Amino acid sequence: STTLAIGGSATATDPFQAAIHQSTGIASFAAGSGTTLFDALADIASKDPRAAYDLALRHYRGDGVRRDSYQAIQWMREAGDRGVPEAQLALGRFYLSGVEEMGADPAEAEKWLSLAAARGDKEAEKLLAEARSAKKTEQELYQWRQFHRKNWLGWWASGYPYHWYWSTAGWYPR
């Protein structure tokens, strides 16, 4: 069996490795070749968007590679832009709820869920209604914040008196 470099080692009996060998038709994954399984899958992803979806899942789950939500989103967007319905639904969910350091973005969720719903995905249709509701709520919250920032923060910055004042001799209480 051959040992491969994918952030650890995999044997020739690894189903992921077997799939790469079958789909690429190459057997250059021997130790020291410099090519990793993920390099090969990334190469396949340039031709097949389903491979980009698989890379996204592997990065999100930390399956054979360091868990990386940023890379997961990047690969998922690649797959979604190229029409993979599961990727479009996943992106809708990611943007609706937020992923780790990335906050929720209901407008972006609506975009991806609309694409998935247009393909007849029932789950996407249900989530689309939630995204639209969240988007409206976000817009209302933004308007509330803007109103209060203009009115209250302006008053707070100049309207409240200090308790202590500075003079050339030092600080004095009011």
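Whatever comes next refers back to the structure up there.
Residues numbered from 1 in each chain as written. Predicted model: local features only at pLDDT ≥ 70, side-chain atom pairs only at ≥ 80, totals over all residues. Heavy atoms only, no water.

Thoughts on the packing of aromatic side chains
Defined as follows: Two aromatic rings from Phe, Tyr or Trp, using only the six-membered ring of Trp, form a pair when their centres are within 6.5 Å; if the ring planes differ by under 30 degrees the pair is stacked, by over 60 it is edge-to-face, and anything between is tilted. Burial classes follow relative accessibility: with a 1.4 Å probe on protein chains only, a residue under 20% of its type's maximum area counts as buried, one over 50% as exposed, and anything between as partly exposed. A ring has a charge above it when a Lys NZ or an Arg CZ is no more than 6 Å from the ring centre and no more than 35 degrees off the ring normal.
Counting across every chain of the model gives two aromatic pairs. A centroid spacing of 5.4 Å and a plane angle of 65 degrees characterise the contact between Trp166 and Trp171, whose relative ring orientation is edge-to-face. Summarising the burial analysis for this pair, Trp166 and Trp171 share the class exposed. When the ring centre of Tyr60 is taken as origin, the NZ or CZ atom of Arg67, which lies over that ring, is 4.8 Å away.

Section: the pattern of salt bridges
Put simply, the rule reads: We define a salt bridge as a contact between a side-chain nitrogen of Lys or Arg and a carboxyl oxygen of Asp or Glu at a distance within 4 Å. In DSSP terms, a helix is any run of H or I states spanning at least four residues, a strand is any run of E spanning at least two, and both are numbered starting from the N terminus.
Counted according to the given criterion, the structure contains twelve salt bridges. The partner of Lys111 in a salt bridge is Glu108, with the nearest N and O atoms 3.6 Å apart. You can see Lys111 and its partner Glu108 sitting in helix H6 (residues 106-118), three residues apart, about one turn around the helix. Take Lys111: its relative accessible area is 38%, and that puts it in the partly exposed class. A salt bridge links Glu110 to Lys135, with the nearest nitrogen and oxygen atoms 2.7 Å apart. Separated by 25 residues along the polypeptide, Glu110 in helix H6 and Lys135 in helix H7 (residues 122-158) bring together distant segments of the chain. By relative accessible area, Lys135 is classed as partly exposed at 27%. Put simply, Arg77, Glu108 and Lys111 are held in one network by salt bridges that share partners.

Re the side chain of Ser69
Put simply, the test is: Think of a polar contact as two N or O atoms within 3.5 Å of one another; within protein, one of them needs to be a possible hydrogen donor and the other a possible acceptor, and neighboring residues in sequence only count if both atoms come from side chains. We call two residues contacting when some pair of their heavy atoms lies within 4.5 Å.
Mapping Ser69 onto the fold places it in helix H4 (residues 69-81). Of the polar contacts made by the side chain of Ser69, one reaches the side chain of Glu100; its length is 3.0 Å. Filtering out sequence-adjacent residues up to four positions away, Ser69 remains in contact with Val99, Glu100 and Glu101.

Thoughts on the pairing of strand S4 (residues 170-173)
The line we're drawing: Paired strands, in this sense, are two strands between which DSSP finds at least two bridges.
In the sheet, strand S3 (residues 164-167) pairs with S4 via four bridges, with the strands oriented antiparallel. Residue pairing across strands places Trp166 opposite Trp171, the latter belonging to S4.

Re the environment of Arg174
Here Arg174 lies in the segment after S4. Beyond its immediate sequence surroundings of up to four residues, Arg174 is in contact with Pro161, Tyr162, His163 and Tyr165.

Considering helix H3 (residues 49-61)
Which entries qualify depends on this criterion: In this scheme, a helix's expected span is set at 1.5 Å multiplied by one less than its residue total.
Relative to the 18 Å expected for 13 residues at 1.5 Å per residue, H3 spans 18 Å between its end C-alpha atoms, a close match to the ideal helical length. Restricting attention to buried positions, one finds in H3 the residues Pro49, Ala51, Ala52, Tyr53, Leu55, Ala56, Leu57, Arg58 and His59. Of the residues trailing H3, Gly62 is marked for its positive phi of about 70 degrees.

Thoughts on the packing of helix H5 (residues 85-97) against H6
This is how it is decided: Note on definitions: angles span 0 to 180 degrees between N-to-C directions of axes, and those axes are lines fitted to C-alpha atoms, for helices only across the stretch in contact. Orientation labels follow simple angle bins: below 35 degrees gives roughly parallel, above 145 gives roughly antiparallel, 65 to 115 gives roughly perpendicular, and whatever is left gives oblique. Two helices crossing with the near one rotated counterclockwise from the far one by less than a right angle form a left-handed crossing, whereas a clockwise rotation gives a right-handed crossing. In this classification, the charged set is Asp, Glu, Lys and Arg, the nonpolar set is Ala, Val, Leu, Ile, Met, Phe, Trp, Tyr, Cys and Pro, and all remaining amino acids, among them Gly, are polar.
Packing of H5 against H6 leaves a shortest axis separation of 8 Å and a crossing angle of 160 degrees. Classified by the angle between their axes, H5 and H6 sit roughly antiparallel to one another. For H5 against H6, the interelement crossing comes out left-handed. Residues Pro85, Gln88, Leu89, Leu91, Gly92, Arg93, Tyr95 and Leu96 of H5 form the contact with H6, whose participating residues are Pro106, Glu108, Ala109, Trp112, Leu113, Leu115 and Ala116. A class-by-class count of the residues in the contact of H5 with H6 yields eleven nonpolar, two polar and two charged.

Some thoughts on the packing of H3 against H4
Close contact between H3 and H4 brings their axes to 8 Å; oriented N to C, the two are set at 160 degrees. Taken together, the axis directions place H3 and H4 in an arrangement best described as roughly antiparallel. Crossing hand, H3 versus H4: left-handed. Contacts from Pro49, Ala52, Tyr53, Leu55, Ala56, Leu57, His59 and Tyr60 of H3 reach H4 at Gln71, Ala72, Trp75, Met76, Glu78 and Ala79. A breakdown of the residues in the contact of H3 with H4 according to their chemical character gives eleven nonpolar, two polar and one charged.

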